[in-house]
Every structure is written in C-alpha cells, then in structure tokens.
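# Observations on chain architecture
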Amino acid sequence: MRALLGVELPGYRPLDSDDGAQRDAWANEDGDVLSVYYFTLPPDLPAGLDDGPALRTTLTHWTAQAGGGLIEASVKRLGGLPALRQMLKVPLPQQPGGQVFIGSFTVPRQACSTVVKIQAPERGMTGMREAVVMAEVGPDAYFRPHPYAPDVRGGLPFHAADHLRWDSKFPDHPLSRVRRTLDALTEAVTVDPRFAELPPFTGPTVRDPRS
C-alpha cells in the first residue's frame, strides 16, 4: 500500500534501484535523500504516542546505543494522523568527524506503519556550525545533559549547536535542510484513506511470557 501521498517534493528527482526499477526514493542537488517505506509488521515503538516521556526517553537510549544522538522527538500530525517526528544524527563512516542528519515521520497503525525519511550528510569541511556556536555560547553552555534522558551514555553528545535557533545562521547546513524538509512534508503529505481507516496504534504489543 502507498499510504502517504504527496511525498515527491519540488527539487527532488526520482532514484532508481540497482535493477533499474524506480523505487520510493528521491534526491536533490544537495545530495539529500528522501524515501518512504511501508511496513506490514506492528510498529517497533517503545510506547504509545500518548506516552511522550517513555517514548522520548527510550528512543534517546536506543539511538545512543546505535552510536548516534537523538536531537528531537515529538508527536505531530501528518496527513491528519498522529505521527512520531524524529531528528537524529549518526556518524558518517567514510568521513571521520562527519555526520549524517536524519529526520523522519513514523505514522503507526496497530498492525503496520509507514515512514517517510530525509537523510542529509555533511560534505566537505565539517564542524563549522559547532565551532561557531561553541565560541558564541562558551564551552560550559555548549554541552548539555540530554533533556529526554539525562543519564544516557554513549553515542553522539547533545549540544547547543543542534538547536533550531541556529538554523537561520546556517541555512545550508544539513540539519537546517532536514528541518525545512520535515516542515515541507507536514504541509504537502496526505494519507491514503484506506490506511487512515486501519485500527490506530495504542502501544507496543505485550508478549505473553508463556509463549
């Protein structure tokens, strides 16, 4: 099922798969990749969308365990349905010190979900945004405990340079581009009525310990 409609944003060109067939992915001139997925399994979310503290805390730990850092997580509406909006950063393997910034909307239903994701890698010189912000706010105010999980360890650190307030000063930074794309998706995307009619997600399935 193509659950999300209107994902093909202006400025993005379709990408082909290795066998030449078109897939649900698009790229722009900056090298950002926009993709959409449909999963026929119960959503892999740690809590219901109405349990913000548990959702954000666990997602922060999960992202750190995978070597990344959760920047933001909130519940918004996409195409009229509640969705989990996330922004995170992960190391760029082929570029020491570089990062990939990822933004996504997960629209869960009880037995399936759809995800639209934008990935924007750093290119060329990295760390300029971070260095400028640290010089402006000072080292003591730069690194901060994570607001969702102050006890989190590992992964990429939470710091002041990832805040929305710096996007206007660094409009071409991949994190700024990710935020703009998520905002554009909020305005453009609609949901297939068949998907909207499916039973809503009420939380992760509790497995019977005897099974």
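As the structure is a prediction and not an experimental result, all values here were calculated from the model.

This paragraph deals with the overall build of the protein chain. Tallying secondary structure elements over the protein chain gives 5 helices and 9 strands in all. What you see in the protein chain, going N to C, is helices and strands ordered as β-β-β-β-α-β-β-β-β-α-α-α-β-α. A compact globule built from 211 residues would reach a C-alpha radius of gyration of about 17 Å, and the protein chain, at 18 Å, matches this within 12%. Across its three principal directions, the C-alpha atoms of the protein chain cover 50 × 45 × 30 Å.

Now for the environment of Pro139. Secondary-structure assignment places Pro139 in helix 3 (residues 139-142). Under the relative-accessibility criterion, Pro139 is labelled exposed at 57%. Remark: the alpha-carbon pair of Pro139 and Ala160, spanning 21 residues in sequence, is separated by 9.9 Å.

Counting 27 residues, the largest nonpolar core has Leu4, Val7, Leu34, Leu78, Val116 and Leu185 as the members making the most contacts within it. Counting residues per element, the ones that place at least two in this core are strand 4 (33-39), strand 5 (69-78), strand 6 (81-91), strand 7 (99-108), strand 8 (113-121) and helix 4 (174-188). Among the elements that line this core, the one with the most residues is helix 4, at 4 residues. In terms of nonpolar packing, the next biggest core, distinct from the first, is built from 13 residues, Ala47, Leu59, Ile102 and Phe201 among them.

A few words on helix 1 (residues 52-65). Look at helix 1: 20 Å from first C-alpha to last across 14 residues, which is about the 20 Å you get at 1.5 Å a residue. Packed against the buried residues of helix 1 are strand 5 and strand 6. Trailing helix 1 by a residue or two, Gly67 shows a phi angle of about 95°, which is positive.

With that out of the way, let us pick up the pattern of salt bridges. Per the stated rule, a full pass over the model turns up 11 salt bridges. A salt bridge links Lys169 to Glu136, with the shortest nitrogen-to-oxygen separation between them at 3.2 Å. A residue pair is termed long-range when its members are at least 10 positions apart, and Lys169 in the loop between helix 3 and helix 4 and Glu136 in helix 2 (residues 128-137) qualify at 33 residues. For Lys169, a relative accessible area of 47% puts it in the partly exposed group. A relative accessible area of 46% means that Glu136 is categorised as partly exposed. Of the charged contacts in the structure, one is a salt bridge between Arg179 and Asp167, with a shortest N-O distance of 2.9 Å. Here Arg179, found in helix 4, pairs with Asp167, found in the loop between helix 3 and helix 4; they are 12 residues apart in sequence, far enough to count as distant. Since its relative accessible area comes to 4%, Arg179 is described here as buried. Of the residues examined, Asp167 reaches a relative accessible area of 9% and is grouped as buried. Several salt bridges converge on common partners, so that one network encompasses Glu72, Arg129, Asp167 and Arg179.

This brings us to the environment of Val116. Position of Val116 relative to the elements: it lies in strand 8. Residues Val116 and Ala64, spaced 52 residues apart in sequence, show a C-alpha to C-alpha distance of 22 Å. With sequence-adjacent residues up to four places away left out, Val116 is seen in contact with Leu4, Val7, Leu34, Ser35, Val36, Leu78, Gly103, Ser104, Phe105 and Leu185.

Time to look at the confidence of the model for the protein chain. Averaged over all residues, the pLDDT of the protein chain equals 92, while 93% of them reach at least 70. In the predicted structure, residues 207-211 sits below a pLDDT of 50 and forms 0 contacts with residues beyond four places in sequence or in another chain.

On to the packing of aromatic side chains. Between two aromatic rings, the relevant description is the distance of the centres plus the angle of the planes. In this structure the tally under the stated criterion is 3 aromatic pairs. Residues Tyr37 and Phe39 carry aromatic rings whose centres are separated by 6.1 Å and whose planes lie at 20° to one another, so their mutual orientation is stacked. Assessed through its relative accessible area of 39%, Phe39 is described here as partly exposed. With centroids separated by 4.7 Å and ring planes inclined at 90°, the aromatic side chains of Tyr142 and Phe143 adopt a geometry described as edge-to-face. For Tyr142, a relative accessible area of 3% corresponds to the buried category. Across the ring face of Tyr148, the terminal group of Arg56 is positioned such that the distance to the ring centre comes to 5.6 Å.

Cut-offs and rules
Residues numbered from 1 in each chain as written. Predicted model: local features only at pLDDT ≥ 70, side-chain atom pairs only at ≥ 80, totals over all residues. Heavy atoms only, no water. Helix = DSSP H or I, 4+ residues; strand = E, 2+ residues; numbered from the N terminus. Rg over C-alpha atoms; globule rule 2.2 N^0.38 Å. Buried < 20%, exposed > 50% of the residue type's maximum accessible area, 1.4 Å probe, protein only. Core = buried A, V, L, I, M, F, W, Y, C linked by side-chain atoms within 4.5 Å. Expected span 1.5 Å × (residues − 1). Contact = heavy atoms within 4.5 Å. Salt bridge = Lys/Arg side-chain N within 4 Å of Asp/Glu carboxyl O. pLDDT = per-residue confidence, 0-100. Phe/Tyr/Trp six-rings, centres within 6.5 Å; stacked < 30°, edge-to-face > 60°. Lys NZ or Arg CZ within 6 Å of the ring centre and 35° of its normal.

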